[in-house]
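Now for the letters of each chain:
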Amino acid sequence: MSNILSIFSKDTKSYFFSMIAYAVIATFLVLSGFFFSSAVSYFSFYSFQLSAQPYLSAQGLNLTEAVIGNLFFNFSVVLLLMIPILTMRTLAEEQKQGTFELLLTYPVNEFQVVLGKFLAAFFVFTVMIAPTFLYLLILRKVGGDFEWGVVLSGFLGQVLLGVAFISFGVFASSLSENQLISAVLTFGFLLLLWIIAWLAEFLPPDASRWINGFSLTRHAEDFFKGIIELKHLVFYLLFTIFFLFLTVWRLQTRKWVR
Amino acid sequence: MIRVQNLSKYFGKIKAVDHLDFEVREGEILGLLGPNGAGKTTTMRILTGFLTPTQGTVEINGMNILKDSLKIRSILGYLPEDVPLYRDMTVESFLRFVFHLKGLKRRDKRKTIDEVTGLCQLGEVRKRLIGKLSKGYRQRVGLAQALLGKPKVLILDEPTSGLDPRQINEIRDLIKSLKGKQTILLSTHILPEVSAVSDRVIIINSGKLVAQGTPEELAERLRTAQEILVTVRGDFKIVKPVLHRVPGIFNVEKVGSQNTDTEIYKIFCDKVRDIRGHVARVLIDSGFELLELRSDNMSLEDIFLKLVTKEEEVPTADTAAVAT
């Protein structure tokens with residue numbers, strides 16, 4: 001446990017020290033802030049227009065559905081771009097600098113190394129998405145009427161998605177000592193699992209069920225609508241555990257190289 | 001303390017380590033000498049558990065390297081070649097990080113880190129970033145992390161490479177001062193280095209053990225081979241028995257020929273006396289034409305080079321004497 005903590009804190013400091021954390025967090029916040037403000041602007045624009053038409057205005061537009069759901073979806077797209085940058089150096093850099101050799105000749109096992117690094121990336125990720133909560137507080141402050149339940153479930157979906165992204169990113173980083181290769185692999189793989197659901201629409205039902213089962217988007221949709229289902233939760237957790245163990249396995253087999 | 005038996009490591013078809021057997025006794029400083037690419041680093045990486053052997057066993061402090069890897073690593077300090085370090089950490093925070101990973105007792109933290117920074121003379125750079133330090137300082141930081149917590153076994157891969165002569169001496173003195181307290185295996189490709197610090201030396205080449213012994217023993221054994229080159233008009237079969245009449249000669253080899261009847265011979269003899277005059281007299285007395293005679297004395301360095309580059313050319317009698 002203390003080993004995991006040591007590696008976690010070393011990596012976290014290194015994220016902030018190397019400015020990567022600041023760059024990634026700032027970029028994420030600028031982009032997500034843009035998405036947020038444009039979504040709210042559109043909403044108020046259409047609400048205003050609707051209010052001029054007496055038949056429709058009685059019901060009004062639903063802020064939760066129109067803004068919140070889409071907002072998390074947009075945030076996820078930004079995550080897709082940011083997570084590979086966050087995770088690309090985790091193990092690649094250690095391998096390139098040779099510090100990996102130093103690290104693994106201390107009484108530390110591969111599992112502790114992987115978990116420590118994963119948690120460090122997760123911590124930066126949390127710091128990155130936390131301020132988006134402020135957006136919603138501001139929206140509420142100016143009179144926005146939405147359901148907090150959907151917001152919380154949306155955040156849960158976001159975190160699960162982030163955790164899954166990071167676990168694959170860490171794995172990709174173990175494959176090469178080149179950070180760019182690991183970033184490209186992460187981005188490509190995650191994007192593929194993101195868009196794979198598009199294919200499902202053209203396939204027979206059986207095949208499309210499978211495809212949807214692997215789609216990172218499909219599993220997130222319910223969370224963004226405010227529905228928390230166990231099967232989606234399990235999907236993300238299994239995805240994460242699978243890639244973390246694959247990383248550990250990859251590090252353990254490295255030394256048996258022939 | 002360290003027992004290596006029949007150790008081999010292949011990378012694909014390349015044999016990096018080839019049936020290596022050696023032992024490091026407790027409190028001893030053993031020098032692992034060999035040219036670049038001889039398999040020193042691979043051997044050390046196996047000892048530290050960073051690589052696994054293809055074949056053979058390694059025991060450290062009675063524990064098997066495969067079964068008790070974590071336990072072994074907790075009594076081991078390792079300085080890898082090229083000294084990889086976290087460049088974006090300060091010396092102090094790096095040593096604290098290592099302290100935690102080595103699982104040392106928390107209450108001794110201050111004392112342990114102070115001790116090791118003092119020993120490696122890092123006091124003035126404690127707060128500086130490792131990436132901004134000079135090579136000499138970085139080498140010392142590398143040494144400091146290995147020494148941290150006084151591990152029973154120290155494995156140092158070329159601890160003085162890339163340093164200036166003054167720094168080399170400092171590091172050597174530091175290593176010598178640890179003698180008896182810790183068991184040390186250090187590698188180098190520089191001959192004077194091993195004779196300066198180690199109790200015993202093993203020489204490896206192409207992954208194989210070529211020779212082992214104390215530096216004095218090795219030097220003595222290697223030095224016993226004095227070589228003389230003679231160019232004589234005469235057949236090998238006739239000349240050889242004649243030369244063997246000279247006391248001190250233990251082998252004669254034909255190494256080349258100038259014409260059909262002129263041959264160049266190499267004479268191996270002990271170093272105790274100068275037999276050149278005797279050789280000349282014997283040859284002329286026996287009616288041979290002596291065209292050239294010169295001594296082909298090798299320095300210790302030459303002998304080492306020869307031993308590790310063209311092993312097969314070293315006479316059999318000599319190798320037998322050396323490779324005990």
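Definitions and limits used
Residues numbered from 1 in each chain as written. Chains lettered and ligands numbered in written order. Predicted model: local features only at pLDDT ≥ 70, side-chain atom pairs only at ≥ 80, totals over all residues. Helix = DSSP H or I, 4+ residues; strand = E, 2+ residues; numbered from the N terminus. Buried ≥ 20, exposed ≤ 12 C-beta atoms within 10 Å, placed from the backbone. Contact = placed C-beta atoms within 7 Å. Pairing = 2+ DSSP bridges. Axes fitted to C-alpha atoms, helices over the stretch in contact; angles between N-to-C directions. Parallel < 35°, antiparallel > 145°, perpendicular 65-115°, else oblique. Left-handed = near helix turned anticlockwise from the far one by under 90°. Nonpolar A, V, L, I, M, F, W, Y, C, P; charged D, E, K, R; others polar. Core = buried A, V, L, I, M, F, W, Y, C linked by C-beta atoms within 7 Å. Expected span 1.5 Å × (residues − 1). Domains from an automatic or database assignment.

**A short note on the overall build of chain B**
Thinking step 1. The helix and strand tally for chain B stands at twelve helices and 14 strands.
Thinking step 2. For chain B, buried positions account for 41% of its 324 residues.
Thinking step 3. A separation of at least 24 residues holds for 68% of the contacts in chain B among residues at least 6 apart in sequence.

**Let's talk about the overall build of chain A**
Thinking step 1. Of the regular secondary structure elements, chain A holds 13 helices and zero strands.
Thinking step 2. When the helices and strands of chain A are listed from N to C terminus, the series reads α-α-α-α-α-α-α-α-α-α-α-α-α.
Thinking step 3. For chain A, the residues scored as buried account for 39% of the 258 residues in total.
Thinking step 4. Taking contacts inside chain A between residues at least 6 apart in sequence as the whole, the part at least 24 apart equals 78%.

**Concerning the sheet that holds strand β11 (residues 226-233) of chain B**
Residues and elements named next belong to chain B.
Thinking step 1. Spatially, four strands are ordered β12-β13-β11-β14 in an open sheet, and the strand pairing comes out antiparallel. Either end of the sheet is taken by a strand with one partner, and the two such strands are β12 (249-257) and β14 (289-295). Here the strands of the sheet are splayed against their neighbours by 25° on average, with no regard to which way each runs.
Thinking step 2. Where β12 meets strand β13 (residues 262-269), seven bridges bridge the pair, whose relative direction is antiparallel. Residue Lys254 lies in a different strand from β13, and its bridge partner there is Tyr265.
Thinking step 3. Relative to β12, helix α9 (residues 236-243) is tilted by about 150°, and along the sheet it contacts β11, β12 and β13.

**Section: the packing of helix α7 (residues 110-129) of chain A against helix α9 (residues 148-175) of chain A**
Residues and elements named next belong to chain A.
Thinking step 1. Interhelical geometry of α7 versus α9 gives an angle of 140° and a closest axis separation of 10 Å. Regarding the angle of α7 to α9, the classification is oblique. With respect to the hand of their crossing, α7 and α9 are arranged in right-handed fashion. On α9, the residues that touch Val114, Lys117, Phe118, Ala121, Phe122, Phe125 and Ile129 of α7 are Gln158, Gly162, Val163, Ile166, Ser167 and Val170.
Thinking step 2. Considered class by class, the residues forming the contact of α7 with α9 number nine nonpolar, three polar and one charged.

**Some remarks on the nonpolar core**
Thinking step 1. A:Ala121, A:Ala164, A:Ile166, B:Phe94, B:Leu95, B:Ala144 and B:Ile155 are the most contacted members of the largest nonpolar core, which has 133 residues in total.
Thinking step 2. Discounting chain neighbours no more than four positions away, the residues touching B:Phe94 are B:Leu85, B:Tyr86, B:Met89, B:Ile130 and B:Val141.
Thinking step 3. B:Val230, B:Tyr265, B:Ile267 and B:Phe268 belong to the second-largest nonpolar core, a separate cluster that totals 14 residues.

**Some details on helix α5 (residues 135-147) of chain B**
Residues and elements named next belong to chain B.
Thinking step 1. An ideal rise of 1.5 Å per residue puts 18 Å on 13 residues; α5 measures up with 18 Å between its terminal C-alpha atoms.
Thinking step 2. Counted residue by residue, α5 has ten buried out of 13 residues, so it is predominantly covered.
Thinking step 3. For α5, the full list of buried residues reads Arg138, Gln139, Arg140, Val141, Gly142, Leu143, Ala144, Gln145, Ala146 and Leu147.
Thinking step 4. Looking at the buried side of α5, the elements it contacts are β6 (76-79), α3 (91-101), α4 (109-119), β7 (153-157) and α6 (165-177).
Thinking step 5. Of the residues one or two after α5, Gly149 is the one with positive phi, at around 85°.

**Quick word on the sheet that holds strand β4 (residues 55-60) of chain B**
Backbone hydrogen bonds are what pair the strands of a sheet, in a parallel or an antiparallel way.
Residues and elements named next belong to chain B.
Thinking step 1. Spatial ordering of the open sheet is given by β2-β1-β4-β5, a layout of four strands whose pairing is antiparallel. Every other strand in the sheet has two partners, leaving β2 (14-24) and β5 (63-64) as the edge strands with one partner each.
Thinking step 2. Here two bridges tie β4 to β5, and the two strands are oriented antiparallel to one another. The residue of β5 that forms the bridge with Ile60 is Met63.

**Remarks on the domain arrangement of chain B**
Thinking step 1. Domain boundaries in chain B define domain 1 (2-220) and domain 2 (226-297).
Thinking step 2. Of note, the centres of domain 1 of chain B and domain 2 of chain B, computed from C-alpha atoms alone, are 47 Å apart.

**Concerning the interface of chain B and chain A**
Thinking step 1. Contacts between the two partners involve 25 residues from chain B, matched on the other side by 22 residues from chain A.
Thinking step 2. Where the side of chain B that touches chain A is concerned, the elements lending two or more residues are β1 (2-11), α2 (69-73) and α3 of chain B.
Thinking step 3. With four residues, α3(B) is the largest single contributor of residues to the side of chain B that touches chain A.

**Quick notes on the pairing of β4(B)**
Residue and element names in this part refer to chain B.
Thinking step 1. The pairing of β1 with β4 spans five bridges and is antiparallel. Pairing of Ser8 across the sheet is with Gln55, part of β4.
Thinking step 2. Counted along the chain from β4 to the antiparallel partner β5, the turn is two residues long, and its residue Asn61 has a positive phi close to 55°.

**Structural notes on the pairing of β13(B)**
A regular strand places its side chains so that they alternate between the two faces of the sheet.
Residue and element names in this part refer to chain B.
Thinking step 1. Pairing geometry for β11 and β13, over eight bridges, is antiparallel. Each bridged residue has a counterpart across the sheet, and for Thr231 the counterpart in β13 is Ile264.
Thinking step 2. Linking two consecutive strands that pair antiparallel, namely β12 and β13, is a turn of four residues.

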